[in-house]
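Coordinate inspection notes
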Amino acid sequence: MHIRTASDRALLVEAAGLDEAMSLHRAWTGMTGVVELVPAARTVLVHFDPLVISAADLAALLAATVPDAAASGAAGEVTIAVRYDGADLAEVAGLLGVSVEEVVRRHVAAHWTVAFTGFAPGFGYLVGDDPLCDVPRRASPRTRVPAGSVGLAGRFTGAYPRESPGGWQLIGTTDARLWDVHREPPALLVPGTRVRFVAAPHTAPAAPPRQPTSSAAAPAATSARRLEVLRPGLQLLVQDRGRPGLAHLGVSPSGAADRTAMRDANRAVGNDRHAAVLECIPPVALRVHGEGVVAVTGAVAEILVTGDAGQSRAIPHGIPFAVADGDVIELGPPVRGVRCVIGVRGGIRAPVELGSRATDTLSGLGPAPLAAGDVVEIGADAAHAVEPQPLPRALPASGDLVVLDVTLGPRDDWFTAAALRALSDQEWTVTTRSDRVGIRLLGKTALERCVAGELPSEGAVTGALQVPPDGQPVLFLSDHPLTGGYPVIAAVVDACLDEAAQLPPGTRVRFRVVDPAG
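First, a word on what this report is: a plain description of the structure on this page. (Residues numbered from 1 in each chain as written. Predicted model: local features only at pLDDT ≥ 70, side-chain atom pairs only at ≥ 80, totals over all residues. Heavy atoms only, no water.)

1. Points about helix α3 (residues 89–96)
- Every buried residue belonging to α3 is among L89, V92, A93 and L96, and all of these are buried. Along the axis of α3, the buried residues cluster in a sector spanning 100°; they form a single face. Exposed and oriented more than 90 degrees from the buried face of α3 are A90 and G94.
- On its buried face, α3 sits against α4 (100–109), β9 (149–153) and β12 (169–173).
- Looking one or two residues beyond α3, the residue adopting positive phi is G97, at roughly 75°. (Buried < 20%, exposed > 50% of the residue type's maximum accessible area, 1.4 Å probe, protein only. Helix = DSSP H or I, 4+ residues; strand = E, 2+ residues; numbered from the N terminus. Arc of directions from axis to C-beta. Contact = heavy atoms within 4.5 Å.)

Given below as structure tokens:
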């Protein structure tokens, strides 16, 4: 096996193939110091806790593993009915040199097994025993693939649990409920599941079962203490520490983009450090129902509280302040940073999905983004006394230069020497095409590859600098997919991730390459 650096807290292990990768995944589950494993086509991404084990010691343990090819990951069998009416079916037949009918017959006759999950909750990568079913991804990915679409990519087949972007060749559609958070397990397709496809009649597709949608809104709130959304700004979300440890379901950790801001807001109002907060991109306005204590951290913005009588008072950043029934809290546009965090004593109450109240904007897990008129309840439990945080962090404004430390790899050898120099020598600009999934960067010199061809999907860390064909990197943030098919040239170290989440459009960025061992 070949062990590569994926970040200062992760290693990417290359296996001989899919079977060995699955065997290694089973062997390493529960290993001391390992936080999470993300298996893929030929690799296993190993997240580790550097306070428990060093990268060098972990690499030695991983290298000493003898894969047990006989170990079974069987997890039952399911049958999925497919209408073979996909937009790319005729093109796939042409690529394979067979008729459309033959593509359908072979897809149905093959024996499929879920090798691993990723991309989105409930999305299983299925490998079959028919070599015919091997086609390249689309040259230009679609920005919108409907839920239930069944596709092919490389030697894999899969079905999209929800609408999302995607580059797979679409050959059909299914009404199967691939993901249901109220089911145990929520994913229909988990690693080891055997899958049998059957051809369904070409009738008009039935309306898919209505998926339960979580919302933080509480129109019939039972709590006397709550916040009413007057203006949600560009984005207003419920966040907490997220959902770590659920990669086997295709669920990424997600959680607060700026973990330091969440911790500071909760500390300021006396909450547990992981209590749910509101994360927003102002301007935002909230009306208070009942009494409470609030603190605003993260991005620096003007904070005004206006009472029923119309009197307003300015509030310092990071300082806990009391609010009364009817008060309106207004946050102006950020002057430094991009995301504010609003902590309320008692924490935000919202439905819990898979152990968290966090909104994952890519997967759709957690409460829906808040809109004007929504109401969120405030909890009653606060573990500690309030603790002011009077000094704002030095967050960037648009046009400022920020230096972020990165570790090279795991696919830096896919790039030319000139590309590696350009990564750290030139400035990159944060574009407006940025969100919680990733920050799209623009540099004068694109990053040129020296290895052609497709990279089989493999795990990617938060902070990964993934490089699409245009050579302009995307910096993955909290809601990035678990796996991806573009090479990752480097990864921002954990200590710089919170600052990365606060980069407004127009910020200039330089990357400084550091040794992951310190």
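Once you've had a look at it, read on.
2. Considering the sheet that holds strand β10 (residues 156–159)
- Pairing in this open sheet of seven strands is mixed, and the strands run β5-β13-β6-β7-β10-β9-β12 from one edge to the other. Either end of the sheet is taken by a strand with one partner, and the two such strands are β5 (77–82) and β12. This sheet shows a mean twist of 35° between the axes of neighbouring strands, independent of strand direction.
- Of the pairings in the sheet, the one linking β5 to strand β13 (residues 194–199) comprises six bridges and is parallel in character. Each residue of the ladder has a partner; that of E77, found in β13, is R194.
- Sheet strands in contact with helix α1 (residues 18–28) are β6 (112–117), β7 (124–128) and β10, and its direction is about 55° off that of β6.
- Packing of α3 onto the sheet brings it into contact with β9 and β12, and relative to β12 it is tilted by some 125°. (Pairing = 2+ DSSP bridges. Axes fitted to C-alpha atoms, helices over the stretch in contact; angles between N-to-C directions.)

3. A look at the nonpolar core
- In this structure, W28, V46, L58, F116 and F156 are the most contacted members of the largest nonpolar core, which totals 31 residues.
- Those elements that place two or more of their residues in this core are β2 (10–14), α1, β3 (34–39), β4 (43–48), α2 (55–63), β6 and β7.
- Looking at this core, the element that brings in the most residues is α1, giving five residues.
- Setting aside residues up to four positions removed in sequence, F116 forms contacts with L18, M22, P39, A40, A41, F123, G124, Y125, F156 and P191.
- Core analysis: the second largest hydrophobic core is formed by 29 residues, V229, L286, L331 and I342 among them. (Core = buried A, V, L, I, M, F, W, Y, C linked by side-chain atoms within 4.5 Å.)

4. Brief notes about the packing of aromatic side chains
- Evaluated as defined, the whole model comprises eight aromatic pairs.
- Ring centres of F116 and Y125 lie 4.4 Å apart, and the angle between their planes is 20°; on these two criteria the pair is classed as stacked. Of the two residues, F116 and Y125, both sit in the buried class.
- Ring centres of Y125 and F156 lie 5.8 Å apart, and the angle between their planes is 90°; this geometry places the pair in the edge-to-face category. Here the residue Y125 occupies a position in strand β7, and F156 occupies one in strand β10, the gap between them amounting to 31 residues.
- Assessed through its relative accessible area of 3%, Y125 is described here as buried.
- By way of ring pairs, the aromatic residues F116, F123, Y125, F156, Y160 and W168 are connected into one cluster. (Phe/Tyr/Trp six-rings, centres within 6.5 Å; stacked < 30°, edge-to-face > 60°.)

5. A closer look at the environment of A176
- Topologically, A176 is positioned in the loop between β12 and β13.
- Sequence spacing of A176 and I439 is 263 residues, and the spatial spacing of their C-alpha atoms is 34 Å.
- Not counting residues up to four positions away in its chain, the partners in contact with A176 are I80 and L188.

6. Things to note about the side chain of Q502
- Topologically, Q502 is positioned in the loop between α7 (497–500) and β34 (508–513).
- A residue is classified by how much of its surface remains accessible, and Q502, at 0% relative accessible area, is buried.
- Only 2.8 Å separates the side chain of Q502 from the backbone nitrogen of V338, close enough to count as a polar contact.
- A polar atom in the side chain of Q502 sits 2.8 Å from the backbone oxygen of R339.
- Beyond its immediate sequence surroundings of up to four residues, Q502 is in contact with D258, G298, A299, G337, V338, R339, L395 and P396. (Polar contact = N/O pair within 3.5 Å; in protein donor to acceptor, adjacent residues only side chain to side chain.)

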